[in-house]
2 protein chains.
Amino acid sequence: MRYLAKISYDGSKYKGYQKQPNTKTIQGELERVLNVINHTFVNVHGSGRTDAGVHAFGQMIHFDLIVDMNEKEVKKAMNSLLSPDIYVRAVTIVNDDFHARFDVRKKEYIYQLNMGEYDPIQKDYVYQYNQELDVKAINKAMMYLKGEHNFRSFTKVDEEKESYVRNIYEAKIQKDGNFLIFTFIGNGFMRYMVRNLVGTLIEVGEGKRKPQEIDEILKAEDRKMAGKTAPACGLYLKAVSYE
Amino acid sequence: MRYLAKISYDGSKYKGYQKQPNTKTIQGELERVLNVINHTFVNVHGSGRTDAGVHAFGQMIHFDLIVDMNEKEVKKAMNSLLSPDIYVRAVTIVNDDFHARFDVRKKEYIYQLNMGEYDPIQKDYVYQYNQELDVKAINKAMMYLKGEHNFRSFTKVDEEKESYVRNIYEAKIQKDGNFLIFTFIGNGFMRYMVRNLVGTLIEVGEGKRKPQEIDEILKAEDRKMAGKTAPACGLYLKAVSYE
């Protein structure tokens, strides 16, 4: 039976989603627990990787079990065995041809930034920028991101892809007191893409770049044109949608 | 020169405020840093202890330095040397007879509880109760706490005190979605007192106790009458006031 699960995790405690030998990873911890439940090896397929320090509210994974368990039982068994840093929010049985990565239709990421005083309690969960930013300028800049674009300027330099074209359905910024929340919804995001977008938007908010430069950077298709990579701690995979 | 400093810290990374040999404590970390700044031993006096896992937004400490530094310089020097889990929010020069503990007039604690779904990201910062509570009943129960009472029933059993009488100026509960925030303002709080109050109030919210039982427990002056100690992770020392 194939199961689809929605999970949340505290990424600050792991070296990223993807399994690596002798390293604490989300996938590694999920497979450890499912191996116990299934009494044999289980391969966990995620909707995509998240890097070290990146969090998730709604990461999606699929896996096959040979033991006969219903959705509730799988959820309960996993949560009773998992580290408290990872939580299974929901489990549903899916068709055998469903794939958590290939069938993704939409992903939503948010990025949290604190413009106010440094807060030690949130240091692993909100980027402690601790200075004012021009939110209006950032908002203007984000308009250029919406729609279908080649995002080569905003991904990892050594990333060789068939296509760098992605469709951004929503790109917005909200201000809540001293907190900024960036939201990005699109059909897919490449490695470091959201953090490179946020890092470049921060430079717009600092007045170092004009909002319309975002358009020029997109057209250049050159990573060197974009800004710095924003820290991992502010980034959350919020939701993944399927057909 | 005597300095008063307001500090915030992530208590989940420490074995409590008070210095202990070979243990990571808030006081120990503060003294380590001040010893470097002052080139000789500095004794740090806190407004009171916080237990392992308890956080602070506004803990107050005083200390004497022999080096000649102004308030800004002391703040900057401390923050550049401290672990990122502790932050000095403000430093002011005070009279030589000022004492961070003996001169306290008022303290404010808050306690955060999540009635909603388990959230791994907040597990060290909000008590993951993950079930509904009767907020109206808790609110009613908290009325009995206001004013001057003997709080012997709500403190550590082996605590021998001259007086168990404390004055609670404010005791209230706020609901924000699935989050509950308990606020307690008083002239002083004994060891485990806030956590024992919250633990007992949770039992009221569960329907296991009637709101008016709070009054009976206070009058009994017997720790066995009160409820369980709520976990440390939800507790924050928010503010300490002086004359």
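If you're wondering where the values come from, they're calculated on a predicted model, not measured in any experiment.

Chemist: Help me get a handle on the packing of aromatic side chains, residues and values and all.
Modeler: For the coordinates displayed, the defined rule picks out 19 aromatic pairs over all chains. Here the aromatic rings of B:Tyr127 and B:Tyr129 are separated by 5.9 Å at their centres, their planes lie at 65°, and the arrangement is edge-to-face. Site record: aromatic cluster; members linked through ring pairs are A:Tyr111, A:Tyr127, A:Tyr129 and A:Phe182. Geometry around A:Tyr14 places A:Lys24 over its ring, the cationic atom sitting 4.8 Å from the centre.

Chemist: So what's going on with the interface of chain B and chain A? Which residues, and what values?
Modeler: Taken together, the contact between chain B and chain A spans 20 residues of the former and 20 residues of the latter. In total, chain B and chain A occlude about 1700 Å² of area from one another, counting both sides; carbon and sulfur atoms represent 61% of this. On the surface where chain B and chain A come into contact, there are four salt bridges. Among the salt bridges present, the one from B:Asp85 reaches A:Lys123, with a minimum N-O distance of 3.3 Å. Among the elements of the structure, strand 1 (2–9), strand 3 (55–64) and strand 4 (86–94) of chain B are those that each provide at least two residues to the side of chain B that touches chain A. In terms of residue class, the side of chain B that touches chain A is built from eleven nonpolar, two polar and seven charged.

Chemist: Residues and numbers for the relation of the copies chain B and chain A, please.
Modeler: Each of the two chain copies can be brought onto the other by rotation about an axis and movement along it. Mapping chain B onto chain A calls for a rotation angle of 180° and an axial translation of 0.0 Å; the resulting RMSD is 0.0 Å. When the rotation and shift are considered jointly, the pair of chain copies conforms to a two-fold rotation axis. Closest approach to the rotation axis among the C-alpha atoms of chain B is made by B:Gln122, whose C-alpha sits 4.9 Å away. Both copies present the same face, since 100% of the interface residues in chain B are matched by interface residues at the equivalent positions in chain A.

Chemist: Describe in detail the packing of helix 3 (residues 135–143) of chain A against helix 4 (residues 193–205) of chain A, supporting the description with residues and values.
Modeler: Residue and element names in this part refer to chain A. Where helix 3 contacts helix 4, the axes come no closer than 8 Å and their chain directions differ by 135°. When the axis of helix 3 is compared with that of helix 4, the two are oblique. In the packing of helix 3 onto helix 4, the handedness of the crossing is right-handed. Along the contact surface, helix 3 presents Ala-137, Ile-138, Ala-141 and Met-142, while helix 4 presents Leu-201, Val-204 and Gly-205. For the contact of helix 3 with helix 4, a count of residues per class yields six nonpolar, one polar and no charged.

Chemist: Explain the pairing of strand 10 (residues 235–242) of chain A residue by residue, including any values.
Modeler: All names here are of chain A. Taken together, the two bridges between strand 3 (residues 55–64) and strand 10 define a ladder with parallel strand orientation. Bridge pairing links His-55 to Tyr-236 in strand 10. Across seven bridges, strand 5 (residues 104–114) lies against strand 10 in antiparallel orientation. The partner of Tyr-111 across the bridge, within strand 10, is Leu-235.

Chemist: Mind laying out the domain arrangement of chain A, listing which residues take part and the relevant values?
Modeler: Residues and elements named next belong to chain A. For chain A, the assigned domains read domain 1 (2–94) and domain 2 (106–242). Averaged C-alpha coordinates put domain 1 and domain 2 at centres separated by 27 Å. Contacts between the two partners involve 18 residues from domain 1, matched on the other side by 17 residues from domain 2. The junction of domain 1 with domain 2 conceals about 1300 Å² of combined surface from both sides, 56% of it contributed by carbon and sulfur atoms. Of all residues in domain 1, the largest losses of buried area upon contact with domain 2 belong to Asp-51, His-55 and Phe-57, amounting jointly to 40% of the total for that side. There are one salt bridge connecting domain 1 and domain 2. In this structure, the salt-bridge partner of Arg-191 is Asp-51, at a minimum N-O distance of 2.6 Å.

Chemist: Break down the side chain of B:Glu108 for me, citing the residues and quoting the values.
Modeler: Residues and elements named next belong to chain B. For Glu-108, the position within the fold is in strand 5 (residues 104–114). For Glu-108, a relative accessible area of 17% gives the class buried. What Glu-108 contacts, discounting residues up to four positions off in sequence, is Thr-183, Phe-184, Ile-185, Tyr-236, Leu-237, Lys-238 and Ala-239.

Chemist: An account of the pattern of salt bridges is requested, with residue identities and associated values reported.
Modeler: All names here are of chain B. By the definition in use, this model includes 28 salt bridges over all chains. Between Glu-31 and Lys-19 there is a salt bridge whose closest N-O contact spans 2.6 Å. Of the two residues, Glu-31 sits in helix 1 (residues 26–38) while Lys-19 sits in the loop between strand 1 and helix 1, which places them twelve residues apart along the sequence. Exposure remark for Glu-31: the relative accessible area of 3% places this residue in the buried category. On the accessibility criterion, Lys-19 (39% relative accessible area) is partly exposed. Among the salt bridges present, the one from Glu-29 reaches Arg-32, with a minimum N-O distance of 3.0 Å. Of this pair, Glu-29 and Arg-32 both sit in helix 1, separated by three residues, roughly a single helical turn.

Chemist: Account for the pairing of strand 3 of chain B, naming residues and giving values.
Modeler: All names here are of chain B. Among the ten residues of strand 3, eight are classified as buried, and the element is accordingly described as predominantly covered. When strand 2 (residues 45–46) meets strand 3, the two strands line up antiparallel, connected through two bridges. Counterpart to Gly-46 in the pairing with strand 3 is Ile-61.

Parameters and conventions
- Residues numbered from 1 in each chain as written.
- Chains lettered and ligands numbered in written order.
- Predicted model: local features only at pLDDT ≥ 70, side-chain atom pairs only at ≥ 80, totals over all residues.
- Heavy atoms only, no water.
- Phe/Tyr/Trp six-rings, centres within 6.5 Å; stacked < 30°, edge-to-face > 60°.
- Lys NZ or Arg CZ within 6 Å of the ring centre and 35° of its normal.
- Contact = heavy atoms within 4.5 Å.
- Buried area = accessible area lost by both parts, 1.4 Å probe.
- Salt bridge = Lys/Arg side-chain N within 4 Å of Asp/Glu carboxyl O.
- Helix = DSSP H or I, 4+ residues; strand = E, 2+ residues; numbered from the N terminus.
- Nonpolar A, V, L, I, M, F, W, Y, C, P; charged D, E, K, R; others polar.
- Least-squares fit on C-alpha atoms with pLDDT ≥ 70 in both.
- Axes fitted to C-alpha atoms, helices over the stretch in contact; angles between N-to-C directions.
- Parallel < 35°, antiparallel > 145°, perpendicular 65-115°, else oblique.
- Left-handed = near helix turned anticlockwise from the far one by under 90°.
- Pairing = 2+ DSSP bridges.
- Domains from an automatic or database assignment.
- Buried < 20%, exposed > 50% of the residue type's maximum accessible area, 1.4 Å probe, protein only.

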